[in-house]
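Here are the chains, one letter per residue:
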Amino acid sequence: GAVVSQHPSWVICKSGTSVKIECRSLDFQATTMFWYRQFPKQSLMLMATSNEGSKATYEQGVEKDKFLINHASLTLSTLTVTSAHPEDSSFYICSARDRSGYNEQFFGPGTRLTVL
Amino acid sequence: AQSVSQHNHHVILSEAASLELGCNYSYGGTVNLFWYVQYPGQHLQLLLKYFSGDPLVKGIKGFEAEFIKSKFSFNLRKPSVQWSDTAEYFCAVIPTDSWGKLQFGSGTQVVVTP
């Protein structure tokens, strides 16, 4: 089956530093990847849509200069949280949709970010 | 506003009991419908999906869901739950004009007691 990995699985950083999270589709090519944020006991909130070779599109209220997304290849998208602050602490989840065009997304295991 | 609603936030039931989780959406037109499960400490997994055809969809682990277009509903069912079904369940919808973006419901925490 389709497998999506994320790295790191958890990260702790100091306030003001930047953190990069990788999302990889391991056995399929993903033209589109999505980045979500999940707060404790809450649902997933879509942050942005990442399309290979083009700029990401951000949901309303998501700061594109703070959450930098790069989708450099058909198997890799990265999310960089710049100048992280404690309120950015959250669970970040990516998903990938394969090239077949069917609307099924495969989810990564998530990355727990804690900003001190 | 268009949305996905899960009516039960928490459900507690005993093993062997039947489970039904409600999901309603407010998008018009054609939609793709999904149920995902998130076991404690694990990532989201797809339980089942509906794109078209038979409105009664069977998924993994004995789950099924029924799409009722007139009611804008996609309720999840399992006739007899097990302790291992303890998890968070999310209903999700992809409206046709959303460029494939999943809209999630708020989730239902299900606890199955032995």
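Scroll up for the structure.
The model shown is predicted, which means the values in this text are computed figures rather than measured ones.

What counts, and at which threshold
Per chain, residue numbering runs from 1 following the sequence as it is written. Key to labels: chains lettered from A, ligands numbered from 1, both in the order written. Two thresholds apply to this predicted model, a pLDDT of at least 70 for residue-level local features and 80 or more for giving and counting side-chain atom pairs, whereas whole-chain, interface and lining totals are computed over all residues. No hydrogens and no water enter the side-chain calculation; it runs on all heavy atoms of the structure. In what follows, salt bridge is the name for a side-chain nitrogen of Lys or Arg lying within 4 Å of a carboxyl oxygen of Asp or Glu. A helix here means a DSSP run of H or I that spans at least four residues, while a strand means a run of E at least two residues long, and both kinds are numbered starting from the N terminus. Three exposure classes are used, based on accessible area relative to the maximum for each residue type with a 1.4 Å probe and protein chains only: buried under 20%, partly exposed in between, and exposed over 50%. Buried and open spaces are told apart on a 1 Å grid over the protein atoms alone, a cavity being a set of points where a 1.4 Å probe fits but cannot get out and a pocket being an open set with protein on both sides within 12 Å along at least five of seven lines. Residues with an atom within 4 Å of a point are the lining residues. Grid points are joined across faces, edges and corners, and a volume is the space filled by probe spheres set on the points. Just so you know the grouping, Ala, Val, Leu, Ile, Met, Phe, Trp, Tyr, Cys and Pro go in nonpolar, Asp, Glu, Lys and Arg go in charged, and all remaining residues, Gly too, go in polar.

Draft legend 1. Highlighting the pattern of salt bridges. All names here are of chain B. This model, assessed by the stated rule, comprises eight salt bridges over all chains. One salt bridge in this structure joins Glu 64 and Arg 77, with 3.4 Å as the shortest N-O distance. Here the residue Glu 64 occupies a position in strand S8 (residues 64-68), and Arg 77 occupies one in strand S9 (residues 73-78), the gap between them amounting to 13 residues. On the basis of relative accessible area, Glu 64 is assigned to the buried category, the value being 18%. The class for Arg 77 is partly exposed, based on a relative accessible area of 22%. Among the ionic contacts, a cluster of salt bridges with common partners joins Lys 58, Glu 64, Glu 66 and Arg 77.

Draft legend 2. Quick look at the layout of surface pockets. Of the voids in this model, the largest pocket is the one considered here, and its volume is about 490 Å³. Taken together, 24 residues line the largest pocket, and the ones lying closest to its centre are Met 45, Leu 46, Met 47, Glu 59 and Val 62 of chain A. Going through the elements one at a time, strand S4 (30-38) and strand S5 (44-51) of chain A together with strand S11 (103-104) of chain B are the ones with two or more residues in the lining of the largest pocket. When residues of the lining of the largest pocket are assigned to their parent elements, the largest contribution, four residues, is made by S5 of chain A. By residue class, the composition of the lining of the largest pocket is 12 nonpolar, seven polar and five charged. Among the elements that line the lining of the second largest pocket, the one with the most residues is strand S10 (residues 87-95) of chain B, at three residues. Of the residues contributing to the lining of the second largest pocket, the split by class is eight nonpolar, seven polar and three charged.

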